[in-house]
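# Observations on the model geometry
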Amino acid sequence: MQQPMELLNHISAHDLERYCLGRVKDEAELTSLEEHLSVCPTCVERAESTQDYVDSIRAALNMIQKDWRRACNQ
């Protein structure tokens, strides 16, 4: 059984970043991304890596903001 053509293409890095940042607002696009992730282990791995990157950047930003607040209060 052949898979639909859209499942043969991988999700772009840009779209994975948008997905992991919660910036995909269009329901049809979100559904399409999630459907693809449900059948493509390569994109799941890339999404997990992208989510790790996003989480690291957010953690670093939180540290910088705490340091900044602490410095401003001294």
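Let us look at the structure shown here.

The rules we used
Here, residues in each chain are numbered from 1, in the same order as that chain's written sequence. Only residues with pLDDT of at least 70 are given local features in this predicted model, and only at 80 or more are side-chain atom pairs given and counted; all residues enter the totals for whole chains, interfaces and linings. In computing side-chain values, all of the structure's heavy atoms are included and hydrogens and water are not. Secondary structure follows DSSP: runs of H or I at least 4 residues long count as helices, runs of E at least 2 residues long count as strands, and numbering of each begins at the N terminus. Buried, partly exposed and exposed residues are distinguished by accessible area as a fraction of the type maximum, computed with a 1.4 Å probe on protein chains only: under 20%, between the cut-offs, and over 50%, respectively. Pairs of residues are marked as contacts when any of their non-hydrogen atoms sit within 4.5 Å. The Shrake-Rupley method, run with a 1.4 Å probe, gives the accessible areas here. Residue values count only the displayed protein chains as cover. Any Lys or Arg side-chain nitrogen located within 4 Å of an Asp or Glu carboxyl oxygen qualifies as a salt bridge. The reported arc concerns the directions from the helix axis to the C-beta atoms and nothing else. As used in this record, nonpolar core signifies buried Ala, Val, Leu, Ile, Met, Phe, Trp, Tyr and Cys residues forming a set joined through side-chain atoms within 4.5 Å.

Before going further, it helps to examine the overall build of the protein. For the protein, the helix and strand inventory stands at four helices and zero strands. Tracing the protein from N to C terminus, the helices and strands come up as α-α-α-α. Taken over 74 residues, the protein has a buried fraction of 19%. For the protein, long-range pairs separated by at least 24 residues make up 65% of all intrachain contacts whose partners lie at least 6 apart in sequence. Summed over all atoms, the accessible surface of the protein reaches about 6,000 Å², with 54% contributed by carbon and sulfur.

Scanning the entire structure with this criterion turns up three salt bridges. In this structure, Asp 15 engages Arg 18 in a salt bridge whose closest nitrogen and oxygen atoms are separated by 2.7 Å. Within this pair, Asp 15 and its partner Arg 18 are both found in helix H2 (residues 13-20), separated by three residues, close to a single helical turn. We note a salt bridge from Asp 67 to Arg 70, for which the minimum N-O separation is 2.4 Å. Placement of the pair is Asp 67 and Arg 70 together in helix H4 (residues 41-72), with a separation of three residues, close to one helical turn. The exposure class of Asp 67 is partly exposed, given its relative accessible area of 42%. In this structure Arg 70 comes out as partly exposed when scored by relative accessible area, which is 49%. In the salt-bridge network here, residues are joined through shared partners; they are Asp 15, Arg 18 and Glu 29.

Moving on, we get to helix H3 (residues 27-37). When we look at burial in H3, the residues that qualify are Leu 30, Leu 33, His 36 and Leu 37. The arc that holds every buried residue of H3, seen down its axis, measures 130°, which confines them to one face. Exposed and oriented more than 90 degrees from the buried face of H3 are Glu 27 and Ala 28.

Looking now at the nonpolar core. Counting nine residues, the largest nonpolar core is built from Ile 11, Leu 16, Val 24, Leu 30, Leu 33, Leu 37, Cys 40, Cys 43 and Ala 47. Taken together, the elements giving at least two residues each to this core come down to H3 and H4. Per-element accounting of this core gives the leading share, three residues, to H3. Dropping the residues within four chain positions of it, Leu 37 is found in contact with Ile 11, Tyr 19, Cys 43, Val 44 and Ala 47.

Distances and angles like these do not, on their own, reveal function.
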